[in-house]
Amino acid sequence: MNVVRWLVGLLFFACGAAIAAGTAAPPSGKLPDTAEPLQYALTFRVDPAADGFSATADIRIALKRPAERIWLHARELQVERVEWRTAAGRAQPARFLPAQDSGVAAVEFGETVPAQELQLHFVYRARYDSRLEGLYRTRRDGQPYVVTQMEPVSARRAFPGFDEPRFKTPFDLQLEIPAGLQAVANTAQSAEQPLAGGWRRLTFRTTPKLPTYLLAFAVGPWDLVEAAPITATAWRRQPLPLRAIAPRGQGPRLAEALAATPAIVTALEDYFGYAYAFGKLDLLAAPDFSAGAMENPGLVIFRESLLLLDANSPAQLRRASFEVNAHELAHQWFGDTVTMPWWDDLWLNEAFATWMERRITQTLRPAQRADLRSIVATQQAMAADSLASARRVRQPIRDNGDIEGAFDSLTYGKGAAVLGMFEAWLGEQPFRDGLRRYVREHAFASATSDDLIAALQSAGDKGASFGRAMRSFLDQPGVPLVHSELDCAGGKARLRLRQQRYFPLGGGTVAAQTWGIPFCVHRGKGATSTTQCQLLDRAEAEMVLDGGCPDWYLPNAQARGYYRVALAAADRAALTRVAASLNDREQLAFADAIKAGFERGEVDVAGVLEAIGQLAGARTREAAFALNAELVWIRTHLADEAARAAIGTYIERLYLPRLQTLGYLRRAGESEDAALLRADLVELLARKVDSPTVRAAVLAQGKAVLAGDGKGRLRFAAANYDLLGTVLAVTVQELGAPAVDALIAELAHTGDANLRLSMVMALGASADPAQAERVREFAIGDAVQVGETARVLGVQQYDSRNRAALWSWFQRRYAAVVAHTPVFVHGRLPELVAEGWCTREQARQVARFFARDAAQVEGSAQGLLRAEEAINLCAARREKHGATALQRWVALQRAAGPAG
Ligand SMILES: [Zn+2]
């Protein structure tokens, strides 16, 4: 699943003791081992125009010991009848007893049944889910569609079963659907039967062994677009049928994603040395979707904006489309062919798909610089991992809240970074050989982290130290901080190194914790530079540098490491002097050293602003904007009016010339990079430092959009589509009510997910108190989709002018917010409303509310811990840095420049 990409925009388990059947208390965590599913046969009768569906489920199970009841999962299902029978016996009624809100239920046989194979038969119905879980309904252009999203624990909302990833079985699926509609599922359709009233019963081929969370189907008036099959390869003898599926009328916009897919599949097959295993491949664009996309084998479901592209699509979306496609297709091996047995090993799915998505993108589309995106994501993960409350990559999983919470930047970003670091240490070839062996040995079964580490270790030459080092990053929380100091006394160059857990000022206390770090330093002397590595697995170490005393060094060569660095002051100054000439990757590592120093109080405000000056002209956007968050923080929390103006002038002087060279409109034949750079420049200047020049330019585009097309609709084509979000947001802020009215009216007629998102987020940018309140209520109403609401609120919270009113509203309307957001967002709500808060009193307020009113919402306890800690860290940082250093910088600026 691709969740983290969507979270970025927002904020911006030991299993319970298994209770054997025979006692009445329901198990928490994993189900007991009394029974195990062998095969499912499911028939759903689905009319998207109705409020719910009816279904039957036949499950063949192995009862492994005598029992009078078994436990399984079913959630919010109205079970009308349950029967059981032995292989030879007659059907007998059983009792169905829902036991827990989490979806655990008992089936009681009415007698003690000996160990053997049994058949269970369920007849049930349920309402379609309203929060994008299980079998849910959504609308596009007035038409209803039914789509599934089972991961992680929502298959139980669609059918009774054993809803844990360790249970992998074949599925036989039938769908009964009304006339005129289309249905697709994991496997190809094998038969069709007419039913009364024009309905049809579609039968699909038996699936390979799958866990419940990967079952998928969709029903609606879809456009089905067939592409040429993907040609056979050395690994796959048969051509692979390929289709894409879109809401009615949108089929033509699937062409770009379809055209990109064969090369991705082939590259993955070549890497794994293993054929795509699911017989056919469909890509489906869902009108509303909780995550970015979902890797259901044979039927990958995407949020429609990632699949429906055309000439107007923003460059950012085109790139995301390719990357997310690569991510989901990588899952066809990692997750779908080999599955983790329990959610504590979720990283085996998500870290791998993330790491592989970047490897494939880097190979097939090098201009996209997935390597830099990967470093940026690593740094975001390190920020999350800097909290004392950070979880481990392999965290015990106790309940559904823990499961939902595991889909975070640590599982995705840290996991992927750890893989990249250990791939570099082991070598690309041995690493690939280890992965090939892992897939071959565990195909269509389950495998754990230990299985993976064993496969990698046996393919390389590092021995047991490889496993020890890798586990040190998976099994303990936190990110290492490596202190370094260069000592060139006596004609010998030495780095004195010390590692500890990284904490910002006011954060956790320093714990005696060590990692096995594949540590690499890049150092330069004159015109030459070289890299040197060693395993750093003790608290203190010394590294003797070959080649004499360097002019500068960077203790994270190529930014490949998952660790942060603190250079001695003189060493940092030497590095800052050469920052503008470092390579693209290492400029990002330099930026992170500045961030870490600022968070720890070792780099002051002037140091950050100087580093921004060094990076502003960088070749890549990633480096040029690497310190944006620090800039916004300084401006929000330390600056008065005069300082804001001085910062604005400084940033304009650094960045505005680059924007003026590019202009505000797309140019024929320009690169995607140019389009993306323009969008980032406009966002920084117009939204983050309120540049009057840039705001006026984008407002002109916004007014042209609002002037309309003469038929009562907005004229989006009057804006540069790459800038649309910023254009509409600035327009809402500058024009107020008329712009809010216009966007709300347009939303009622717009199905396109990307246009909708630009509009709803622009509404969130409204800072006028009355309009902001109106937007909040609008965001939890029927006109806004469930997948959109949190984005609106996140944008509101981002603007400090809205925070107090949003908080007061949020406490009153919390239940409505929960009802109008996907389940995986709920655990993040504390952080969403705490974003930007910076006093200890605010931390207490958030804690009081969530501890009392929200304790029952799954996952919010962990989210609260993170939110409270983030607020307190902000407060500590503000106390440390104060306003004086900034005022000194302002005075120096005035004295220095004609522009100051
Ligand atoms: Zn994923």
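In this text, all values refer to a predicted model and were calculated from it rather than measured experimentally. (Residues numbered from 1 in each chain as written. Predicted model: local features only at pLDDT ≥ 70, side-chain atom pairs only at ≥ 80, totals over all residues. Heavy atoms only, no water.)

1. Observations regarding the overall build of the protein
At step 1: If you tally the helices and strands in the protein, you get 29 helices and 29 strands.
At step 2: Over its C-alpha atoms the protein spans a radius of gyration of 28 Å, differing by no more than 12% from the 29 Å that the globule rule assigns to 900 residues.
At step 3: Considered along the principal axes of its C-alpha atoms, the protein spans approximately 90 × 70 × 55 Å.
At step 4: Of the roughly 32100 Å² of accessible surface on the protein, a fraction of 51% belongs to carbon and sulfur atoms. (Helix = DSSP H or I, 4+ residues; strand = E, 2+ residues; numbered from the N terminus. Rg over C-alpha atoms; globule rule 2.2 N^0.38 Å. Areas by Shrake-Rupley, 256 points an atom, 1.4 Å probe, with all protein chains shown as cover.)

2. Description of the side chain of T187
At step 1: Structurally, T187 is set in the loop between β12 (182-185) and β13 (189-194).
At step 2: For T187, a relative accessible area of 11% gives the class buried.
At step 3: Not counting residues within four places of it along the chain, the set of residues in contact with T187 comprises F204, R205, T206, T207 and K280. (Buried < 20%, exposed > 50% of the residue type's maximum accessible area, 1.4 Å probe, protein only. Contact = heavy atoms within 4.5 Å.)

3. Details of the state of the cysteines
At step 1: Taken as a whole and assessed by the stated rule, the structure comprises three disulfides.
At step 2: Disulfide partner of C520: C533, at an S-S distance of 2.1 Å. When the S-S torsion is 105°, as for the bridge of C520 with C533, the disulfide is right-handed. Of this pair, C520 sits in strand β25 (residues 517-525) while C533 sits in strand β26 (residues 528-536), and the two are 13 residues apart along the sequence.
At step 3: Taking relative accessible area as the criterion, C520 reaches 18% and is therefore assigned buried.
At step 4: With relative accessibility at 46%, the residue C533 sits in the partly exposed group.
At step 5: The residue that forms a disulfide with C838 is C874, at a sulfur-sulfur distance of 2.0 Å. Between C838 and C874 the sulfur-sulfur dihedral comes to about -95°; the bridge is accordingly left-handed. Of the two residues, C838 sits in the loop between α26 (829-834) and α27 (840-853) while C874 sits in helix α28 (residues 860-881), which places them 36 residues apart along the sequence. You'll find C838 and C874 in the same group, each marked buried. (Disulfide = S-S within 2.5 Å.)

4. Brief notes about the packing of aromatic side chains
At step 1: Using the criterion set out here, one finds 44 aromatic pairs in the structure.
At step 2: Between Y276 and F278 the ring centres are 5.8 Å apart and the planes differ by 80°, which places this aromatic pair in the edge-to-face class.
At step 3: Judged by its relative accessible area of 5%, Y276 is buried.
At step 4: What makes F278 buried here is its relative accessible area of 7%. (Phe/Tyr/Trp six-rings, centres within 6.5 Å; stacked < 30°, edge-to-face > 60°.)

5. Some thoughts on the pattern of salt bridges
At step 1: Applying the stated criterion across every chain yields a total of 66 salt bridges.
At step 2: The partner of D461 in a salt bridge is K462, with the nearest N and O atoms 3.8 Å apart.
At step 3: With a relative accessible area of 63%, D461 lands in the exposed category.
At step 4: Looking at K462, the relative accessible area reads 28%, which means it is partly exposed.
At step 5: Its salt-bridge partner being E773, residue R776 comes within 2.7 Å of it at the nearest N-O pair. Of this pair, R776 and E773 are both found in helix α22 (residues 769-779), three residues apart, which corresponds to roughly one turn of the helix.
At step 6: Among the residues examined, E773 registers a relative accessible area of 28% and is labelled partly exposed.
At step 7: Three or more residues joined by partner-sharing salt bridges are found here, namely R369, D371, D584, R585 and R619. (Salt bridge = Lys/Arg side-chain N within 4 Å of Asp/Glu carboxyl O.)

6. What about the domain arrangement of the protein?
At step 1: On domain assignment, one finds that the protein holds domain 1 (37-314) and domain 2 (480-561 + 563-603).
At step 2: Put simply, the middle of domain 1 and the middle of domain 2, counted by C-alpha atoms, are 50 Å apart. (Domains from an automatic or database assignment.)

7. As for the environment of L97
At step 1: Tracing the sequence through the fold places L97 in strand β6 (residues 95-98).
At step 2: The spatial distance from the C-alpha of L97 to the C-alpha of A527 is 75 Å, given a sequence separation of 430 residues.
At step 3: Contacts of L97, omitting those with residues within four sequence positions, involve A105, A106 and E108.

8. Observations regarding helix α18 (residues 692-706)
A turn of α-helix holds 3.6 residues, and therefore any two residues three or four places apart point the same way.
At step 1: Along its 15 residues, α18 runs 20 Å from first to last C-alpha, staying within 8% of the 21 Å computed at 1.5 Å per residue.
At step 2: Taken residue by residue, α18 has V694, R695, V698, L699, Q701, G702 and V705 as its buried positions. Buried residues of α18, viewed axially, fall in a sector of 160°; they line one side.
At step 3: Summarising the contacts, the buried residues of α18 are in contact with α16 (641-662), α17 (672-688) and α19 (724-735).
At step 4: Where α18 terminates, the next one or two residues include G708, which has phi positive at roughly 85°. (Expected span 1.5 Å × (residues − 1). Arc of directions from axis to C-beta.)

9. Here we look at the nonpolar core
At step 1: Counting 271 residues, the largest nonpolar core has F44, F159, M470 and L886 as its most contacted members.
At step 2: Per-element tally for this core: the top contributor is helix α7 (residues 409-426), with 10 residues.
At step 3: Each of domain 1 (37-314) and domain 2 (480-561 + 563-603) gives at least three residues to this core.
At step 4: Ignoring sequence-local partners within four residues, the contact set of F44 consists of F53, S54, A55, Y124, L135, A158, F159, L173, Q174, L175, E176 and F217.
At step 5: Judged by nonpolar contacts, the second largest core, of 26 residues, contains V818, V833, A847 and A867. (Core = buried A, V, L, I, M, F, W, Y, C linked by side-chain atoms within 4.5 Å.)

10. Describing helix α13 (residues 605-615)
At step 1: The complete set of buried residues in α13 reads V605, G607, V608, L609, A611, I612 and L615.
At step 2: The inward-facing, buried residues of α13 contact α12 (584-599), α14 (621-624), α15 (628-637), α16, α28 and α29 (884-896).
At step 3: The backbone nitrogen of A606 lies 3.2 Å from a side-chain oxygen of the residue at the head of α13, namely D604. (Polar contact = N/O pair within 3.5 Å; in protein donor to acceptor, adjacent residues only side chain to side chain.)

11. Some remarks on the packing of helix α20 (residues 737-747) against α22
At step 1: One can describe the packing of α20 onto α22 by two numbers: an axis separation of 11 Å at closest approach and a directional angle of 15°. Our classification of the angle between α20 and α22 gives roughly parallel. In the crossing of α20 with α22, the sense of the turn from one axis to the other is left-handed. Between α20 and α22, the residues in contact are A737, V740, D741, I744 and L747 and Q771, R774, V775 and F778, respectively. (Axes fitted to C-alpha atoms, helices over the stretch in contact; angles between N-to-C directions. Parallel < 35°, antiparallel > 145°, perpendicular 65-115°, else oblique. Left-handed = near helix turned anticlockwise from the far one by under 90°.)

12. Brief notes about the pairing of β25
At step 1: The element β25 is largely enclosed, with a buried count of eight among its nine residues.
At step 2: The pairing of β25 with β26 spans nine bridges and is antiparallel. From the neighbouring strand, P518 faces β26, where its bridge partner is L535.
At step 3: Hairpin connection between β25 and β26: a loop of two residues separates the two successive antiparallel strands, and G526 in this loop has a positive phi of roughly 60°. (Pairing = 2+ DSSP bridges.)

13. Some thoughts on the pairing of strand β18 (residues 281-286)
At step 1: Among the six residues of β18, six are classified as buried, and the element is accordingly described as predominantly covered.
At step 2: Assessed by its sense of winding, the connection that carries the chain from strand β17 (residues 240-247) through helix α2 (residues 255-272) to β18 is left-handed.
At step 3: Across five bridges, β18 lies against strand β20 (residues 299-303) in parallel orientation. Along β20, the bridge assignment pairs A286 with R303. (Right-handed = clockwise from strand over helix to strand, strands pointing away.)

14. Observations regarding the environment of D673
At step 1: Tracing the backbone shows D673 in helix α17.
At step 2: Judged by relative accessible area, D673 falls into the partly exposed class, the value being 35%.
At step 3: Considered as a pair, D673 and L224 are 449 residues apart in the sequence and their alpha carbons are 33 Å apart.
At step 4: In contact with D673, other than residues within four places in its own chain, are R319, A367 and R621.
At step 5: There is a polar contact of 3.4 Å between the side chain of D673 and the side chain of R319.

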